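# Results of the structural survey
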Amino acid sequence: MTIQQTIPAARPQSRSGNRAWKKLKANKSALAGLVIISIFLILAVAAPFLPIADPVATSWSAIRKAPSAAHWLGTDDIGRDILSRMIWGARASLMAGVFSVGIAVAIGVPLGLISGYFGGWIDVIISRITEAFLAMPFLITAIALAAFLGPSLGNAMIAIGFSAMPLFVRLTRGQVLTVKTEDYVEGARSVGLGHYRIITRYILPNVFSPLLVQASLTIATAIIAEASLSFLGLGQQPPAPSWGSMLNVAKNFLSQAPWMAMWPGAAIFLVVIGFNLLGDGLRDALDPREA
């Protein structure tokens, strides 16, 4: 018998994964969220290949035209096609949501693992810094960081990612504090496995589920934050399309051309609802207490 065979096994991931997938498929609201996200994702990826107008091309003969056969969603204040700008704007919003959360996860999860696993003075330092960040409102922190870094989509993603990072530090730390007392972790430690192997093989896989749920919900928050930063001129810069910057322009023409604000506002609403529905479905599907 090898040393590895003497260590109690961690919770079986493949079996719980199959059960979670069955529960997710049975959740109609989660599937609706997945469909909404998939539609916007397909449009965003396929934007360069779709037969749509140039999103930055202006036409002084088509200023603030209502939706028609020529322009399905109408045009904006300088004659740009809103449909094409909506589709290209989806690329900026989804990219900002995914990459921002990726930054938050890449920084927050390792810090949470270290804090929860080792404890002691390391835990005290990381926890106090995390609490200081959490004491500041998320959007205010993102605006301050974006203003410091300079207006651009890349800097906005960095600002949103750092602002969301404390959420993942706190969540990961709490999960690790629970998991590290399990029998299979104690067994791995008793046979002399190193800290790195215990964390990566026995702890991280068993804290993955709540992190996945938090990530899906945080993407929705990041999309709203990106739209807010673009609305304030700190995100995607003109003439590149962004739903937030489209709303910034549209606010000046609400009575003359309400469609300019209606479509980007509806897109933000639908994408955020989609990620929230999917996140709630994942939370129910991955909860081991649910039958």
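Everything that follows concerns the structure shown earlier in this document.
Scoring rules and cut-offs
Residues numbered from 1 in each chain as written. Predicted model: local features only at pLDDT ≥ 70, side-chain atom pairs only at ≥ 80, totals over all residues. Heavy atoms only, no water. Helix = DSSP H or I, 4+ residues; strand = E, 2+ residues; numbered from the N terminus. Buried < 20%, exposed > 50% of the residue type's maximum accessible area, 1.4 Å probe, protein only. Contact = heavy atoms within 4.5 Å. Areas by Shrake-Rupley, 256 points an atom, 1.4 Å probe, with all protein chains shown as cover. Axes fitted to C-alpha atoms, helices over the stretch in contact; angles between N-to-C directions. Parallel < 35°, antiparallel > 145°, perpendicular 65-115°, else oblique. Left-handed = near helix turned anticlockwise from the far one by under 90°. Nonpolar A, V, L, I, M, F, W, Y, C, P; charged D, E, K, R; others polar. Phe/Tyr/Trp six-rings, centres within 6.5 Å; stacked < 30°, edge-to-face > 60°. Salt bridge = Lys/Arg side-chain N within 4 Å of Asp/Glu carboxyl O. Lys, Arg positive; Asp, Glu negative; His and termini not counted. Polar contact = N/O pair within 3.5 Å; in protein donor to acceptor, adjacent residues only side chain to side chain.

Assigned secondary structure in the protein consists of 11 helices and 0 strands. Listed by position from the N terminus, the elements making up the protein come as α-α-α-α-α-α-α-α-α-α-α. Dimensions along the principal axes, computed over C-alpha positions, put the protein at roughly 80 × 45 × 30 Å. Looking at the 291 residues of the protein, the share that counts as buried comes to 42%. Considering only residue pairs separated by 6 or more positions, the protein has 73% of its internal contacts joining residues 24 or more positions apart. Roughly 14,700 Å² of accessible area belongs to the protein as shown, and the carbon and sulfur atoms make up 69% of that amount.

Two elements in contact, helix 9 (residues 208-231) and helix 10 (residues 243-250), have axes separated by 7 Å at closest approach and are oriented at 45°. In terms of orientation, helix 9 lies oblique with respect to helix 10. Where helix 9 crosses over helix 10, the two elements pack in a sense that is right-handed. Within the contact between the two elements, helix 9 uses Ala227, Ser230 and Phe231 and helix 10 uses Gly244, Ser245, Leu247 and Asn248. Here the contact of helix 9 with helix 10 is built from residues that sort into 3 nonpolar, 4 polar and no charged.

Before going further, it helps to examine the packing of aromatic side chains. Following the criterion strictly, the structure yields 2 aromatic pairs and no others. Seen from their ring centres, Phe40 and Trp243 are 5.8 Å apart, and the 75° between their planes marks the pair as edge-to-face. Taken together, the residues Phe40 in helix 2 (residues 28-46) and Trp243 in helix 10 connect sequence positions 203 residues apart. Residue class for Phe40 comes out buried when judged on its relative accessible area of 14%. An angle of 90° between the planes, with centres 5.0 Å apart, marks the rings of Tyr117 and Phe118 as edge-to-face. Here Tyr117 falls in the buried class, since its relative accessible area comes to 7%.

Okay, the pattern of salt bridges next. Going through the model one piece at a time under the given rule, you end up with 6 salt bridges. Between Arg80 and Asp76 there is a salt bridge, with its nearest N and O atoms 2.8 Å apart. Owing to a relative accessible area of 9%, Arg80 belongs among the buried residues under this scheme. For Asp76, a relative accessible area of 6% gives the class buried. Across the pair Arg128 and Glu131 runs a salt bridge, and its minimum N-O distance is 2.8 Å. Taken as a pair, Arg128 and Glu131 lie in helix 4 (residues 120-134) at a separation of 3 residues, close to a single helical turn.

Bringing the side chain of Asp81 into the picture now. As for its position among the elements, Asp81 is in the loop between helix 2 and helix 3 (82-118). This buried residue, Asp81, is left without a salt bridge; Arg85 holds the nearest opposite charge, at 8.8 Å. Within the structure, the side chain of Asp81 is placed 2.9 Å from the side chain of His71, a separation counted as a polar contact. At a separation of 2.9 Å, a polar atom in the side chain of Asp81 contacts the main-chain amide nitrogen of Ser84. Here Asp81 is in contact with Ala53, Ala70, His71, Gly74 and Thr75, once residues within four sequence places are set aside.

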